[in-house]
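Spelled out, the chains give:
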Amino acid sequence: MTIRTRVAPSPTGDPHLGTAYIALFNYCFAKQQGGEFVVRIEDTDQVRSTKESEQAIMDSLRWLGLDWDHGPDVGGEFGPYRQSERTALYQKYAQQLVETGKAFYCFATSEELDAMREAQMAEGLTPKYDGRGLLLSEDEIKANLDAGKPYVIRMKIPAEGTFKFNDYLRGEIEIPWENVDMQVLLKADGFPTYFLANVVDDHHMQISHIFRGEEWINSAPKLLKLYEDLGWTAPELGHLPLLRNPDKSKLSKRKNPTSINYYKEMGYLPEALLNYLGRMGWSMPDGREKFSLQDMIENFDMKRVSLGGPIFDIDKLNWLNGLWIRENLSNEELMARFINWKFNAELFNRVLPEAKTRINTLADLVDLAGHFVAGIPQYDAALLTAGKADEDVVRQSLQFFIWELEALRTWNKTEIFAIAKAVATFHELKIKDFLEPIFVAITGKTSSTSVVDAMEILGSDLSRARLRVALNHIGVSKKQAKSLEKAYRDYPKA
Ligand code: GLU
């Protein structure tokens, strides 16, 4: 049997460090045994999935040096590798599950389900689908189908007992069936949910081992039962520990940038970032901290993954990146990295028109436009609140600006400016006053090139990271964070 692993990202946002981490471990596991590694795009969430995100995920995995044998762009014998192109297959198996009595139709409307949950909560129960679809007679189902009533297909779950499975990394895990809901498999729009699509694809793509994040453990019973219901042998299943912030909370962009692009823009070497991710819960048998992907493959042993949540610590990454720069790159190679990174005609072409009208000597450029190649600029944090707006208003408008930018799909100055204008208006600020702290956050100074242009050129990841740093300088207490979230609910969404 071919050892075949996969990473199955959902293209709904920035390429996440966690995806690279899971990909790396699956990759090493397969390659160590001469197996294959697959990228599958799980884009069944039609509303949140975007082509830009899909491309960004694949670009960043390639940038890191992880290559795949099968995937949406390279094809492969079990393709297509994008779930939105495989819907007919999922529908066929959903029907099969209904026909074999493993799944059932549910015609309940969302209002009916809301009422059901409310009633359960009023009784002090945990809200849960009550199995009403199972009570319908054959005739009722037929009449509903003939009348064209929208429906979902749900899987049947045993009412009692405990599900046991053997996790590749964690040994035996037991989950009582009463904690498992009758999962929707096929949605009213004809698209599958994660569970059905994932099982159908892992089976058809002949995946031998699945290593996914520990946040999925509770869904294992549903997944493994579906294999049984479909009469298929399940792949081995193991759950890797989640990456954590230094305070042990789940790695989140509020505390640490999580987008791989951010690390690229900040000037981390892909081999150093990959090396660091390889140290998350895993170590070389001889304990050496610096190792290449090839070293990791040769020495890889999934059983040696330690399950305590590995801490993603920027200081440690900085140290390792420095080692890679000093020990692995000749001066010529380092120069090539700089050129490839930002010291190139492409960036100059974008920055010079901004700078030309503002410099008297060529040397003025460094002072004026240094922020285009700086990571996070240093400045006096008092400057952020030195303008007309009160600190509270700066805090809130800055936070709203960040949230709005996070949802922005096409990063260009027209869109950025439109958001700035809307956030300023909402806070009854003149655009100039709103932009004052933003200017400092982005350029590190009180006068420089246009800030919105600078944001366009810097790109989404670095711009947002700088704004987040500014917000942290101003400070957001837990209480303030809560009230900001609440206030944001009233912000008119585009
Ligand atoms: N699409 C899922 C995710 O985004 C994949 C989980 C899995 O590996 O099964 O995490």
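Residues numbered from 1 in each chain as written. Predicted model: local features only at pLDDT ≥ 70, side-chain atom pairs only at ≥ 80, totals over all residues. Heavy atoms only, no water.

## Here's the deal with the site of the ligand
In the vicinity of the ligand, the contacting residues are R6, A8, S10, E42, Y194, N198, R212 and W216. In the model, a nitrogen atom of the ligand is placed 3.1 Å from a nitrogen or oxygen of the S10 side chain. In the environment of the ligand, a nitrogen atom lies 2.6 Å from a nitrogen or oxygen atom belonging to the side chain of E42. Protein chains shield 81% of the accessible area of the ligand, which is 290 Å² for the free molecule. Structurally, the ligand is housed in the second largest pocket. For the shell around the ligand, the per-class residue count stands at three nonpolar, two polar and three charged. (Near = heavy atom within 4 Å. Polar contact = N/O pair within 3.5 Å; in protein donor to acceptor, adjacent residues only side chain to side chain. Areas by Shrake-Rupley, 256 points an atom, 1.4 Å probe, with all protein chains shown as cover. 1 Å grid on protein atoms, 1.4 Å probe; cavity = no way out; pocket = protein on both sides within 12 Å on 5 of 7 lines; lining within 4 Å. Sits in = over half its atoms within 2 Å of the grid points. Nonpolar A, V, L, I, M, F, W, Y, C, P; charged D, E, K, R; others polar.)

## Topic: the UniProt feature "domain: Glutamyl/glutaminyl-tRNA synthetase class Ib catalytic" (unreviewed entry) in the protein
As annotated in UniProt, the feature "domain: Glutamyl/glutaminyl-tRNA synthetase class Ib catalytic" (unreviewed entry) corresponds to residues 3-319 in the numbering used here. Taken end to end, residues 3-319 has its terminal C-alpha atoms 35 Å apart, with 36% of it in helix and 13% in strand. (UniProt positions renumbered as here; feature names shortened; annotations may be inferred. Helix = DSSP H or I, 4+ residues; strand = E, 2+ residues; numbered from the N terminus.)

## Quick notes on the sheet that holds strand β3 (residues 103-106)
Strand order in the open sheet formed by three strands is β3-β4-β7, with antiparallel pairing between adjacent strands. Strands at the two margins of the open sheet, each flanked by one partner only, are β3 and β7 (184-186). Along the sheet, successive strands turn relative to each other by an average axial angle of 45°, direction set aside. Across two bridges, strand β4 (residues 152-155) lies against β7 in antiparallel orientation. (Pairing = 2+ DSSP bridges. Axes fitted to C-alpha atoms, helices over the stretch in contact; angles between N-to-C directions.)

## Observations concerning the pairing of strand β5 (residues 162-167)
Residues F163, F165 and D167 line the buried face of β5, whereas the alternating positions T162, K164 and N166 sit on a face that is not buried. Two strands pair when backbone bridges link them, and β5 and strand β6 (residues 171-176) are joined in this way by six bridges, in the antiparallel orientation. Within β6, the residue paired with D167 across the bridge is G171. A loop of three residues connects β5 with β6, the two strands running antiparallel in sequence. (Buried < 20%, exposed > 50% of the residue type's maximum accessible area, 1.4 Å probe, protein only.)

## Regarding the layout of surface pockets
Computed from the structure, the second largest pocket encloses a volume of approximately 980 Å³. Contributing to the lining of the second largest pocket are 33 residues, with P9, S10, T19, E215 and W216 lying nearest its centre. At the level of elements, β1 (4-7), α1 (17-32), α2 (51-64), α6 (194-204) and β8 (209-213) are the ones that each hand at least two residues to the lining of the second largest pocket. Residue contributions to the lining of the second largest pocket peak at four residues, all from α1. Here the residues of the lining of the second largest pocket are counted per class, giving 13 nonpolar, eleven polar and nine charged. (Points joined across faces, edges and corners; volume = space filled by probe spheres on them.)

## Topic: the nonpolar core
Side chains that are nonpolar tend, in soluble globular proteins, to be buried together. Counting 101 residues, the largest nonpolar core has F25, M302, F312, F401, I438 and L467 as the members making the most contacts within it. With eleven residues, α1 is the single largest residue contributor to this core. Excluding its chain neighbours within four sequence positions, the residues that come into contact with F401 are I416, I419, A420, V423, F434, I438, M455 and L467. Y81, A103, Y105 and I207 belong to the second-largest nonpolar core, a separate cluster that totals 50 residues. (Core = buried A, V, L, I, M, F, W, Y, C linked by side-chain atoms within 4.5 Å. Contact = heavy atoms within 4.5 Å.)

## Comments concerning the UniProt feature "binding site: ATP" (unreviewed entry) in the protein
The UniProt entry lists K253 under the feature "binding site: ATP" (unreviewed entry), expressed in the numbering used here. With respect to the secondary-structure elements, K253 resides in the loop between β9 (236-240) and α8 (260-265). Residue K253 is classed as partly exposed on the basis of its relative accessible area of 37%. Sequence-distant contacts of K253, defined by excluding residues within four places in its chain, comprise T258, E406 and R468.

## Considerations on the pattern of salt bridges
Summed over all chains, the structure comprises 35 salt bridges. In this structure, K316 and E289 form a salt bridge, with 3.2 Å as the shortest nitrogen-oxygen distance. With a gap of 27 residues between them, K316 in helix α11 (residues 314-328) and E289 in the loop between α9 (270-278) and α10 (293-299) connect regions that are remote in the sequence. For E289, a relative accessible area of 26% corresponds to the partly exposed category. The network of salt bridges with common partners includes R6, R40, E42, R86, D201 and D202. (Salt bridge = Lys/Arg side-chain N within 4 Å of Asp/Glu carboxyl O.)

## Re a nonpolar patch on the surface
Taken together, M335, F338, I339 and F343 make up a surface patch of nonpolar side chains, about 400 Å² in accessible area. Locating F338 in the fold gives a position in helix α12 (residues 331-341). Exposure remark for F338: the relative accessible area of 40% places this residue in the partly exposed category. (Patch = residues over 30% accessible without salt bridge, like charges linked within 9 Å, V, L, I, M, F, W, Y side chains within 5 Å.)

## Here we look at helix α13 (residues 345-356)
Counted at 1.5 Å a residue, the expected span for α13 with its twelve residues is 16 Å, and the 15 Å between its end C-alpha atoms agrees. Next to the buried residues of α13 lie α14 (364-369) and α18 (451-458). (Expected span 1.5 Å × (residues − 1).)

## Re the packing of aromatic side chains
Enumeration according to the criterion identifies 32 aromatic pairs in this entry. Judged by centre distance (6.3 Å) and plane angle (70°), the rings of F338 and W341 are edge-to-face. Of the two residues, F338 and W341 both sit in helix α12, three residues apart, roughly one turn of that helix. When the centroid spacing of 5.9 Å and the interplanar angle of 40° are considered together, the rings of F400 and F426 count as tilted. One end of the pair, F400, is in helix α15 (residues 391-406); the other, F426, is in helix α16 (residues 413-426), with 26 residues separating them in the sequence. A relative accessible area of 34% places F426 in the partly exposed class. Here the aromatic residues Y21, F25, W282, F291 and F300 are joined through ring pairs into a cluster of three or more. A cation over a ring is seen here: R154 above Y129, with NZ or CZ 3.6 Å from the ring centre. (Phe/Tyr/Trp six-rings, centres within 6.5 Å; stacked < 30°, edge-to-face > 60°. Lys NZ or Arg CZ within 6 Å of the ring centre and 35° of its normal.)

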